[in-house]
Amino acid sequence: MEKITGKNNDIIKGVKKLFTSSKERRAQGLFVLEGARLVFDVLNSFYEVETFLITESANERYFEQSVLMQKKSKASYFISDTLSQKLSETKNAQGVFAVCKMKSDNINLQKGKKYIATDNLQDPGNLGTVIRTAEALGIDGVIVGGGCDVYNPKVLRASMGSVLRIDVFECLSLIDILKQAKKLEIKSFATSPDASAKKINEINFPPSCLCVIGNEANGVSDEVMAMCDEKITIPMPGRAESLNAHVAAAITMWEMQR
């Protein structure tokens, strides 16, 4: 493989832009994975790999996986340790990167499945943890309505690769998704701290359902709340007034699968 050593190389500059800019990712339809676990997870996913970058020391350490990645990728390059550290979004770079093609955002809900949706979630750590928990608890799909970019490097790391294994869809607003759910008779629920809402542990979630988790500061928007079939709340007998978004999502998804 050809080796890239110059920091002004167009490939290196392009990868760095994809790491740091949601606008650039969306414009090109590409995103970057970093680290051995995430990069080699893509081998068993449906994502297409445009470019694979690896240091020579990492290539020795992960030789078999590297060979498979080179076969899956349209282009592969060795990079210097210095460039690896320059590209890295983490303190200690592992020297393994992959530029992948985003999948289509066409969202076609299916009857008989259970979905978790986020309404303008802003924190990438929260979103990544929601996606990871959804995979762990057997939720069929995650719908991200605005807010944080699914392909943000912090989301990808927090998800521990779940983004690559579970159906995750992005949309600017959940309104059209909720309209689609109504047509398919998929019952929708909006989570709320409102004590007058139905208690989540008293709900018998149907086989076809969709639950919405709101923004960290403002909860589910009024517009989305009005579109949902039912408002539900997590009983909190303690003194805290609210839960972290990913904690609320985890409890909700657990109850959905009971």
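This write-up is about the structure you can find in this document. Every chain is numbered on its own, with residues counted from 1 as its sequence reads. Owing to the predicted nature of the model, reporting of local features is limited to residues with pLDDT of at least 70; listing and counting of side-chain atom pairs is limited to 80 or more, with chain, interface and lining totals taken over all residues. Water and hydrogen atoms were dropped before computing side-chain values, which therefore reflect all heavy atoms in the structure.

**As for the pattern of salt bridges**
Close approach of charged atoms allows side chains of opposite charge to pair. What counts here: Note on definitions: salt bridges are taken to be side-chain nitrogens of Lys or Arg within 4 Å of carboxyl oxygens of Asp or Glu. Secondary structure follows DSSP: runs of H or I at least 4 residues long count as helices, runs of E at least 2 residues long count as strands, and numbering of each begins at the N terminus.
Evaluated as defined, the whole model comprises 15 salt bridges. Ionic pairing is found between K16 and E89, a salt bridge with its closest N-O pair at 3.5 Å. Of this pair, K16 sits in helix 1 (residues 10-20) while E89 sits in the loop between helix 6 (81-87) and strand 5 (96-101), and the two are 73 residues apart along the sequence. Taking the shortest distance from any N to any O, the salt bridge between R165 and E135 comes out at 2.7 Å. Taken together, the residues R165 in the loop between helix 8 (153-158) and strand 8 (167-171) and E135 in helix 7 (residues 124-136) connect sequence positions 30 residues apart. Here the salt bridges share partners, and the residues they tie into one network are D41, E135 and R165.

**Re the packing of aromatic side chains**
Counted only if it meets this: Here a pair means two rings of Phe, Tyr or Trp (six-membered ring of Trp) with centres within 6.5 Å. Their orientation is stacked below 30 degrees between planes, edge-to-face above 60, and tilted elsewhere. Throughout this description, buried means an accessible area under 20% of the type-specific maximum (1.4 Å probe, protein chains only), exposed means over 50%, and partly exposed covers the range between.
The full count for this structure, using the stated rule, is 6 aromatic pairs. Measuring from centroid to centroid gives 5.4 Å for F31 and Y47, while their planes differ by 80°, and the two rings are edge-to-face. Within this pair, whereas F31 is found in strand 2 (residues 30-34), its partner Y47 is found in the loop between helix 3 (36-41) and strand 3 (49-54), the two being separated by 16 residues in sequence. Taken individually, F31 and Y47 each receive the classification buried, so the pair is uniform in this respect. Measuring from ring centre to ring centre gives 5.0 Å for F46 and Y47, while their planes differ by 25°; the resulting arrangement is stacked. The partly exposed category is assigned to F46, whose relative accessible area is 48%. An aromatic cluster is built from F31, F46, Y47 and Y151, whose rings are joined through pairwise contacts.

These figures capture arrangement, not role.
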